[in-house]
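One-letter residues, chain by chain:
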Amino acid sequence: MEAESQHSRAASGVDAPRRIIDPFDREITYLRVSVTDRCDFRCVYCMSEDMTFLPKADLLTLEELDRMCSAFVAKGVRKLRFTGGEPLVRRNIMWLFRQLGRHIESGALDDLTLTTNGSQLGKYADELAACGVRRVNVSLDTLDAKKFTRITRWGRFDQVMDGIRAARAAGLAVKINCVALKGVNDEEIHDLVRWCGDEGHDLTFIEVMPMGEIGGEMRLDQYWPLSMVRAELQRRWTLTDIDYRTGGPARYVECAETGGKIGFITPLTHNFCESCNRVRLTCTGTLYMCLGQEDAADLRAPLRTSEDNGLLNEAIDEAIGRKPEGHDFIIDRRHDKPGVGRHMSVTGG
Ligand code: SAM
Ligand code: SF4
């Protein structure tokens with residue numbers, strides 16, 4: 001079996017398995033890739049309505065993204081997640097999924113997945129499944145069509161619901177990501193738990209994070225600590241902590257009444273860094289070693305300098321060698337300034 005998997009690894013252009021270990025003895029197995037900073041929505045907590053996007057020439061081409069992701073897989077990354085911006089609005093993105101699907105086939109990669117707003121799933125769900133994608137995270141903060149428009153500004157609720165149905169019909173598991181927003185969707189969290197339970201989707205609540213200037217509504221007003229979300233849920237549901245971990249910031253409970261898992265991502269109120277297994281690549285080839293720190297490494301220059309991966313591999317090793325022990329988020333209560341200046345759509349959350 002092992003020989004077979006080594007053989008197919010060679011066939012996929014990925015050599016013998018290796019491991020990436022950072023200075024704090026954490027194994028890096030998970031690469032999140034923002035494939036575009038553009039989006040067909042303008043969610044109020046993520047973007048301003050008049051965002052300026054990167055010139056297309058600055059972006060890694062799809063061929064370069066394939067080479068970059070494959071270099072990480074060769075080094076020991078076992079899970080790839082595409083995000084954005086909205087990953088499914090990047091032109092010809094299915095080509096990249098098809099290319100990287102070879103690593104799923106060879107066994108070099110365990111998981112090829114994406115985080116999406118769901119708007120394009122109706123179009124692409126079948127093709128994603130054919131590329132080896134088994135599950136998707138869909139961001140959905142409300143089940144109320146009017147509120148959905150208020151939150152996403154440009155989103156169409158029915159299109160997203162159709163997309164979620166198409167994903168399930170294609171055999172993809174769906175996890176719903178819901179940003180908990182005080183005064184916006186606080187009255188709906190029970191309905192979301194019920195709906196996810198009925199539909200068989202797992203559900204994760206995300207605390208709103210201080211990232212990027214978004215204008216308009218102030219983030220401190222929206223901030224709703226997940227400890228309070230959980231307390232509210234417990235008034236109606238029986239929640240039991242479970243030991244399910246993904247190496248990320250989510251902590252999970254099981255809901256006895258629905259049988260579903262509910263996750264809580266609490267970057268502001270919890271320290272989750274000791275088990276961090278991930279790094280993030282932007283669409284311009286910048287590698288962020290930590291979501292909550294500014295330090296980053298440029299991988300585009302070494303990628304473009306030569307056709308073999310020697311320089312790129314050196315740059316990856318050097319960057320991982322600088323991965324910090326932990327993050328440093330703060331919501332500055334006096335100035336209401338974001339703790340980290342870049343938008344979530346740069347690193348994809
Ligand atoms: N467009 C895709 C989507 O919405 O799923 C992928 C990119 S989006 C930046 C990834 C996730 O980040 C989404 O679940 C979104 O709700 C979340 N997000 C965006 N801005 C956020 C913020 N300021 N605080 C917390 N989560 C945020
Ligand atoms: Fe687009 Fe996702 Fe940001 Fe909403 S959260 S604006 S869908 S990138």
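These figures come from a predicted structure and were not determined experimentally.

### Looking at the site of ligand 2
Then comes step 1: Ligand 2 sits among Cys 39, Phe 41, Cys 43, Cys 46, Met 47, Gly 85 and Asn 117.
Then comes step 2: Counted by class, the shell around ligand 2 contains five nonpolar, two polar and no charged residues.

### Digging into the packing of aromatic side chains
Then comes step 1: Scanning all chains against the criterion turns up five aromatic pairs.
Then comes step 2: Plain terms: the ring middles of Phe 148 and Phe 157 are 5.5 Å apart, the flat faces sit at 65° to each other, and that makes the pair edge-to-face.
Then comes step 3: A relative accessible area of 2% means that Phe 148 is categorised as buried.
Then comes step 4: Centroid distance Phe 205 to Phe 264: 6.2 Å. Interplanar angle 25°. Geometry classified as stacked. Here Phe 205 is found in strand β6 (residues 202–207), whereas its partner Phe 264 is found in strand β9 (residues 261–265), with 59 residues between them in sequence. Taken individually, Phe 205 and Phe 264 each receive the classification buried, so the pair is uniform in this respect.

### Description of empty space enclosed by the protein
Then comes step 1: In the structure shown here, the tally under the stated rule is one cavity of 30 Å³ or more.
Then comes step 2: One number sums up the size of the largest cavity: a volume of about 30 Å³.
Then comes step 3: Along the walls of the largest cavity sit Val 193, Cys 196, Gly 197, His 201, Leu 203, Thr 258, Gly 260, Lys 261 and Ile 262, which together make up its complete lining.
Then comes step 4: Counting residues per element, the ones that place at least two in the lining of the largest cavity are α7 (189–199) and β9.
Then comes step 5: When residues of the lining of the largest cavity are assigned to their parent elements, the largest contribution, three residues, is made by α7.
Then comes step 6: Counted by class, the lining of the largest cavity contains four nonpolar, four polar and one charged residues.

Here is what the cut-offs are and how they apply
Residues numbered from 1 in each chain as written. Chains lettered and ligands numbered in written order. Predicted model: local features only at pLDDT ≥ 70, side-chain atom pairs only at ≥ 80, totals over all residues. Heavy atoms only, no water. Near = heavy atom within 4 Å. Nonpolar A, V, L, I, M, F, W, Y, C, P; charged D, E, K, R; others polar. Phe/Tyr/Trp six-rings, centres within 6.5 Å; stacked < 30°, edge-to-face > 60°. Buried < 20%, exposed > 50% of the residue type's maximum accessible area, 1.4 Å probe, protein only. Helix = DSSP H or I, 4+ residues; strand = E, 2+ residues; numbered from the N terminus. 1 Å grid on protein atoms, 1.4 Å probe; cavity = no way out; pocket = protein on both sides within 12 Å on 5 of 7 lines; lining within 4 Å. Points joined across faces, edges and corners; volume = space filled by probe spheres on them.

Such coordinate-based values are descriptive only and should not be taken to indicate function.
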